[in-house]
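Fold and contact review
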Amino acid sequence: MKEKKYKISVFRFDPLVDTDYHFEHYLVPRSKVKTVLDGLIYIRDYLDGTLAFRSSCRQGRCGSCAVHVNGGYGLACEMPLKPGKNVIRPLAQLPVIKDLMVDMERFWEKHESIKPYLVRKTNNAEQSYENRREMEKMIDCILCGACFSACLMTGKNPDFHGPAAYVILNRFLHDERDAIQKQRLDIVKGENGVFRCHSMYNCNEACPKNVKPSENILEIKKNIN
Ligand code: FES
């Protein structure tokens with residue numbers, strides 16, 4: 001009996017040799033793979049060793065494998081391959097290093113700019129159980145960059161911090177131990193800050209952890225007003 005195969009089309013671009021991107025098409029045996037990441041690993045190991053992509057934990061925790069598949073963002077290690085066509089692209093809004101690998105520098109710059117660390121009120125400031133529970137959803141953010149890529153404003157305005165940075169900022173606004181909440185709001189209240197978000201909810205749709213960046217952005221806006 002003929003073996004069933006997945007059709008996988010992968011965005012290919014090597015800026016050192018290519019003038020434009022193109023798609024390469026592969027057939028991968030269904031019995032060998034389940035997820036998009038399995039498919040990419042199979043292609044790299046058995047069909048085309050030049051394919052570049054990122055992955056690490058293979059269990060939806062590290063965030064390194066975020067890609068765009070069939071019109072939506074997600075983690076390659078969590079997205080199942082579909083019996084029809086599987087079209088895989090890199091994250092948008094970030095320069096392609098090679099194939100599915102993008103340069104995350106701008107994303108990390110924005111992350112750093114919001115001071116993504118706790119500045120304690122006192123050395124022994126403690127956190128209540130209730131307060132920790134309040135921040136649960138924000139802590140689920142794995143900084144994969146999917147929301148940043150889905151956001152139309154990060155593409156238009158290089159100074160806009162992006163949804164992931166606002167989720168982390170809101171996490172510290174909720175933290176009863178934090179001493180610099182006013183300073184945090186000052187960082188994002190400027191003309192290229194949080195009010196540039198037009199609540200398109202693309203970030204909510206893209207987030208593989210259901211963190212709901214849009215709701216976090218609304219909360220920050222309310223804190224400024
Ligand atoms: S490989 Fe770590 S989240 Fe997919």
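Everything quoted here is computed from the prediction, not taken from an experiment.

**Digging into helix 7 (residues 163-174)**
Across its 12 residues, helix 7 extends 17 Å between first and last C-alpha, which sits within 8% of the 16 Å expected from 1.5 Å per residue. Among the 12 residues of helix 7, 10 are classified as buried, and the element is accordingly described as predominantly covered. Listing the buried residues of helix 7 in full gives Pro163, Ala164, Ala165, Tyr166, Val167, Ile168, Leu169, Asn170, Arg171 and Phe172. Against the buried residues of helix 7 lie helix 2 (105-113), helix 4 (136-139), helix 5 (146-150), helix 8 (181-188), helix 9 (202-206) and helix 10 (213-224).

**A look at the nonpolar core**
Val36, Val67, Ala76, Ala146 and Cys147 are the most contacted members of the largest nonpolar core, which has 57 residues in total. Counting only elements with at least two residues in this core, the list comes to strand 1 (5-12), helix 1 (36-47), strand 3 (66-69), strand 4 (72-75), helix 5, helix 7, helix 9 and helix 10. Residue contributions to this core peak at 7 residues, all from helix 7. Each of domain 1 (5-102) and domain 2 (105-224) accounts for three or more of the residues forming this core. Excluding its chain neighbours within four sequence positions, the residues that come into contact with Val67 are Val36, Ala76, Ile88, Arg89, Pro90, Leu91 and Leu100.

**Concerning the sheet that holds strand 3**
With respect to topology, 5 strands assemble into an open sheet ordered 2-1-5-3-4, the strand pairing being mixed. Each of the sheet's edge strands pairs with one partner strand only, and the pair in question is strand 2 (22-29) and strand 4. Strand-to-strand twist across the sheet, computed as the mean angle between neighbouring axes with direction ignored, equals 35°. As defined by bridge partners, strand 1 adjoins strand 5 (residues 85-89) across 4 bridges and the pair is classed as parallel. Looking at the pairing, Lys7 lines up with Lys85 of strand 5. Along the sheet, helix 1 contacts strand 1, strand 2, strand 3 and strand 5; its crossing angle with strand 2, the most-contacted strand, is approximately 95°.

**Quick notes on the domain arrangement of the protein chain**
Taken as a whole, the protein chain is organised into domain 1 (5-102) and domain 2 (105-224). Relative placement of domain 1 and domain 2: their C-alpha centres are 28 Å apart. Of the residues in the side of domain 1 that touches domain 2, the class split is 7 nonpolar, 3 polar and 2 charged.

**Remarks on the packing of helix 7 against helix 10**
The interhelical angle for the contact between helix 7 and helix 10, taken along N-to-C directions, is 55°, at an axis separation of 9 Å. Our classification of the angle between helix 7 and helix 10 gives oblique. Note that helix 7 runs across helix 10; the crossing there is left-handed. In contact with Pro163, Ala164, Tyr166, Val167, Leu169, Asn170 and Leu173 of helix 7, helix 10 contributes Pro213, Asn216, Ile217, Glu219, Ile220 and Asn223. Classifying every residue of the contact of helix 7 with helix 10 by side-chain character gives 9 nonpolar, 3 polar and 1 charged.

Calculation rules
Residues numbered from 1 in each chain as written. Predicted model: local features only at pLDDT ≥ 70, side-chain atom pairs only at ≥ 80, totals over all residues. Helix = DSSP H or I, 4+ residues; strand = E, 2+ residues; numbered from the N terminus. Expected span 1.5 Å × (residues − 1). Buried ≥ 20, exposed ≤ 12 C-beta atoms within 10 Å, placed from the backbone. Contact = placed C-beta atoms within 7 Å. Core = buried A, V, L, I, M, F, W, Y, C linked by C-beta atoms within 7 Å. Domains from an automatic or database assignment. Pairing = 2+ DSSP bridges. Axes fitted to C-alpha atoms, helices over the stretch in contact; angles between N-to-C directions. Nonpolar A, V, L, I, M, F, W, Y, C, P; charged D, E, K, R; others polar. Parallel < 35°, antiparallel > 145°, perpendicular 65-115°, else oblique. Left-handed = near helix turned anticlockwise from the far one by under 90°.

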